[in-house]
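# Structural features, examined
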Amino acid sequence: MGLLSDPVRRRALARLVLRLNAPLCALSYAAGVAWFLALAFPPLTQRTYMSENAMGSTMVEEQFAGGERARGWARDFAAHRRKAGALPAAWLERAMRSVGLEVYTQSFSRKLPFPDEAHERYMVSGTNVYGILRAPRAASTESLVLTVPCGSDATNSQAVGLLLALAAHFRGQIYWAKDIIFLVTEQDLLGTEAWLEAYHDVNVTGMQSSPLQGRAGAIQAAVALELSTDVVTSLDVAVEGLNGQLPNLDLLNLFQTFCQKGGLLCTLQGKLQPQDWTSVDGPLQGLQTLLLMVLQQASGRPHGPHGLFLRYRVEALTIRGINSFRQYKYDLVAVGKALEGVFRKLNHLLERLHQSFFFYLLPALSRFVSIGLYMPAVGFLLLVLGLKALELWMQLHEAGVGPEEAGGGPGPSPPVQPAQSVGLASLVAPLLISQAMGLALYILPVLGQHVATQHFPVAEAEAVVLTLLAIYAAGLALPHSTQRVVSARAPDRGWMALKLVAIIYLALQLACIALTNFSLGFLLAVTMVPAAALTKPCGPRPLYATLLVLTSPAATLLGSLFLWRELQEAPLSLAEGWQLFLAAVAQGVLEHHTYGAMLFPLLALGLYPCWLLFWNVLFWK
């Protein structure tokens, strides 16, 4: 306490902090990036293992042999779908009843906030069909779900055929202790969301649907299946859910174990897992898979029907059959046996999956990085903001100590003048105007789409995107608006106080985001932290302005799209990247209003106003 109460020692501490601040910030930022890149290398990446004792062994004998029956049902389903032009609900009811299931249907409808040009739909309606296999050995208190989504662009016929064949096979077994629900949804994720909301008797997205006539027990786990061919070369597993949620790692380990038992090739992010982790090539390949997962999770999109189950505390995966040029081919029997093994082991659960990790990163299916090992990466980046905030606080409260005096010099020190206080009222205007711009960015694009279409030759979806971009760009005029109402008192310290508030605001946001969605928090931190630390109204202002624009939330999204396609070995041209960026913006707004994805409101109401504060600091007069 004596160090802080003694004015001389306090000034010496301030000089030391200011002298070492820049190298410490650079070192901390480099350490955060290096730590993240090292996550794909042992020993930071560990082998996966099964934590749930009830699922620790694969000693079950899979007896599924209904491959030909599944193919026949798939052909019939495809024929009836082409004839009806929609999901053949009546045919599905008859097929499910023929194998001994309790069959129910659910109709739903949803008016989207603006037309979905990616799927060419606006007024959406459909019918979900589901059958329940009652457990013969227990009451209907718990259940499992096997679901198949059917969209307008893909029939998913083989998945429906395999679902019916598995239902017929499961119906003949007596060891089931949980109900099994076989669900076929229409309109992709919209049908899944409608069924989940009705099953749990909630309405969080404004979906209009009929109540469910039949229910099973509390859903313990779910598997979504997507197959469009009779043979597959590999099975790709999707784990990223809505707002970056992930299923319990034991569920993924269970599926991988049965794939290994049956000799099935299993991939993650479309990438084969490395075989040799002792050389550099294996971890480098794992780093590509890790980066793909980070980009997918940061988007906050549900990358399959399983992503909507996670919202309701239901552990779920989406399994996609891939038919590529690889040599080895597997038929529906091999896929069915793997699913049978998974459901038989889930049938042994006495409680929900909880013993393994819910927060992790995957460089491969057989390797994972736990939350305790990847959080230091974002911690080092946030330390930069803490150091800069400490520097600004020292400059504001220690009179006569500035960056030019940090080195100190021989000779007597001049008399120290008391620090001139900065009125908090001078910071209210930029804060309020920045938040108002964020609120306009969130509300006006969807609210004013009809006005835009009446005055300009654009469609509703284009009007939403163009209005959003126009409001985003209009924020660049913010300094000229705020300077008219900001008090001129202590102008040299006004920008320091504003930057201090902006840095604390940014650090709190990034910390909260990283706790729930590490991938999004890290991507935003690695881009926004350098510009936030360097921005000031003196010095090379054009360089700082360019850095701020290149690290803005919109530029981060654009750069992430280019990186994502580069990692998928399908690079984009500038024109293709811009079109993909516009489509991603439209989908982000639409998924927020449709499913509750939080990326758009986080950027519009939180990070964009915070970025505008730094823009205001840069052009402070």
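Looking at an unreviewed UniProt entry, one finds the protein chain named Glycosylphosphatidylinositol anchor attachment 1 protein isoform X1 and attributed to Vulpes vulpes.

### Some details on the overall build of the protein chain
Along the backbone of the protein chain there are 21 helices and twelve strands. By the compact-globule yardstick of 25 Å for 621 residues, the protein chain fits well, its C-alpha radius of gyration being 28 Å. Seen along its three principal axes, the alpha-carbon backbone of the protein chain occupies a region of about 95 × 60 × 45 Å. Looking at the 621 residues of the protein chain, the share that counts as buried comes to 54%. Of the roughly 26,200 Å² of accessible surface on the protein chain, a fraction of 62% belongs to carbon and sulfur atoms. Both charge centroids of the protein chain, one from 44 positive and one from 41 negative side chains, sit 4 Å from each other.

### Section: the pattern of salt bridges
Summed over the entire model, instances satisfying the criterion amount to 13 salt bridges. Its salt-bridge partner being Glu591, residue Arg301 comes within 2.8 Å of it at the nearest N-O pair. Highlighted residues: Arg301 in the loop between helix 8 (281-299) and helix 9 (306-309) and Glu591 in helix 20 (residues 574-595), separated in sequence by 290 residues. A residue is classified by how much of its surface remains accessible, and Arg301, at 37% relative accessible area, is partly exposed. Overall, Glu591 belongs to the buried group, its relative accessible area being 8%. The partner of Arg313 in a salt bridge is Glu315, and the shortest N-O contact between them spans 2.5 Å. Take Arg313: its relative accessible area is 36%, and that puts it in the partly exposed class.

### Some words on empty space enclosed by the protein
Following the criterion strictly, the structure yields one cavity of 30 Å³ or more and no others. Quantified by volume, the largest cavity comes out at close to 50 Å³. Lining of the largest cavity is provided by Gly244, Leu246, Gln297, Phe358, Phe359, Tyr360, Leu361, Tyr374, Thr516, Asn517 and Phe518. Class assignment for the residues of the lining of the largest cavity results in seven nonpolar, four polar and no charged.

What counts and what doesn't
- Residues numbered from 1 in each chain as written.
- Predicted model: local features only at pLDDT ≥ 70, side-chain atom pairs only at ≥ 80, totals over all residues.
- Heavy atoms only, no water.
- Helix = DSSP H or I, 4+ residues; strand = E, 2+ residues; numbered from the N terminus.
- Rg over C-alpha atoms; globule rule 2.2 N^0.38 Å.
- Buried < 20%, exposed > 50% of the residue type's maximum accessible area, 1.4 Å probe, protein only.
- Areas by Shrake-Rupley, 256 points an atom, 1.4 Å probe, with all protein chains shown as cover.
- Lys, Arg positive; Asp, Glu negative; His and termini not counted.
- Charge placed at Lys NZ, Arg CZ, Asp CG, Glu CD.
- Salt bridge = Lys/Arg side-chain N within 4 Å of Asp/Glu carboxyl O.
- 1 Å grid on protein atoms, 1.4 Å probe; cavity = no way out; pocket = protein on both sides within 12 Å on 5 of 7 lines; lining within 4 Å.
- Points joined across faces, edges and corners; volume = space filled by probe spheres on them.
- Nonpolar A, V, L, I, M, F, W, Y, C, P; charged D, E, K, R; others polar.

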